[in-house]
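Survey of secondary and tertiary structure
Residue-level listing of the chains:
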Amino acid sequence: MSEHEHLEARIDSLRKEIAASKGAARKDLMEHLEQAAMGLESAGGTVPAWVQEVLEAMHEDEAEDGFDNMPL
């Protein structure tokens, strides 16, 4: 199995795990998804659009959380 195939399979597996997870476990899986996506991209592969959308949403949520904790 090539590196691309391995990373694509890992990303597909993470998709299923993320869908079934909540809380801290979901956050950990999202970090793994981001690492797998970066690995696939650096190996010359194309990151699926759904991964990019999920990761963008995650980063937007993190940014909003940061603003929620800022004093007025």
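It should be noted that the structure appears before, not after, this text.
Residues numbered from 1 in each chain as written. Predicted model: local features only at pLDDT ≥ 70, side-chain atom pairs only at ≥ 80, totals over all residues. Heavy atoms only, no water.

**What to know about the nonpolar core**
Here is the rule: Nonpolar core, defined: a set of buried Ala, Val, Leu, Ile, Met, Phe, Trp, Tyr and Cys residues in which side-chain atoms within 4.5 Å join the residues together. Relative accessibility decides the category of a residue: with a 1.4 Å probe and only protein chains considered, values under 20% of the type maximum give buried, values over 50% give exposed, and everything between is partly exposed. What counts as a helix is a DSSP run of H or I of at least four residues, what counts as a strand is a run of E of at least two, and both are numbered from the N terminus. Contacts: residue pairs with any heavy atoms within 4.5 Å of one another.
Core analysis: the biggest nonpolar cluster contains 14 residues, and I11, L14, I18, M30, L33, V51 and L55 have the highest contact counts within it. Broken down by secondary-structure element, the contributors of at least two residues to this core are α1 (3-19), α2 (23-42) and α3 (49-68). For this core, the element with the most residues is α2, which contributes 6 residues. Discounting chain neighbours no more than four positions away, the residues touching M30 are I18, V54, L55 and M58.

**Considerations on a negative patch on the surface**
Quick reminder of the rule: For patch detection, residues must exceed 30% relative accessible area and be free of salt bridges, and they are connected within 9 Å for like charges or within 5 Å for nonpolar side chains (Val, Leu, Ile, Met, Phe, Trp, Tyr). In this description, accessible areas are obtained by the Shrake-Rupley approach with a 1.4 Å probe, and a residue is regarded as covered only by the protein chains that are shown. A side-chain nitrogen of Lys or Arg and a carboxyl oxygen of Asp or Glu constitute a salt bridge if their distance falls within 4 Å. Positive charge is attributed to Lys and Arg, negative charge to Asp and Glu, and no charge count is given to His or to the chain ends. For this purpose, a charge sits on NZ of Lys, CZ of Arg, CG of Asp or CD of Glu.
The grouping of E53, E56, E60 and D61 at the surface amounts to a negative patch. The class of E53 is exposed, set by a relative accessible area of 54%.

**Digging into α2**
Structural remark: α-helix, 3.6 residues per turn; residues separated by three or four positions point the same way. To keep it simple, the criterion reads: How far a helix is expected to stretch is found by multiplying one less than its residue total by 1.5 Å.
For α2, built from 20 residues, the straight-helix expectation of 28 Å at 1.5 Å per residue is met to within 8% by its first-to-last C-alpha distance of 29 Å. Those residues of α2 not exposed but buried are L29, M30, L33, A36, A37, G39 and L40. Just downstream of α2 lies G44, where phi reads positive at about 90°.

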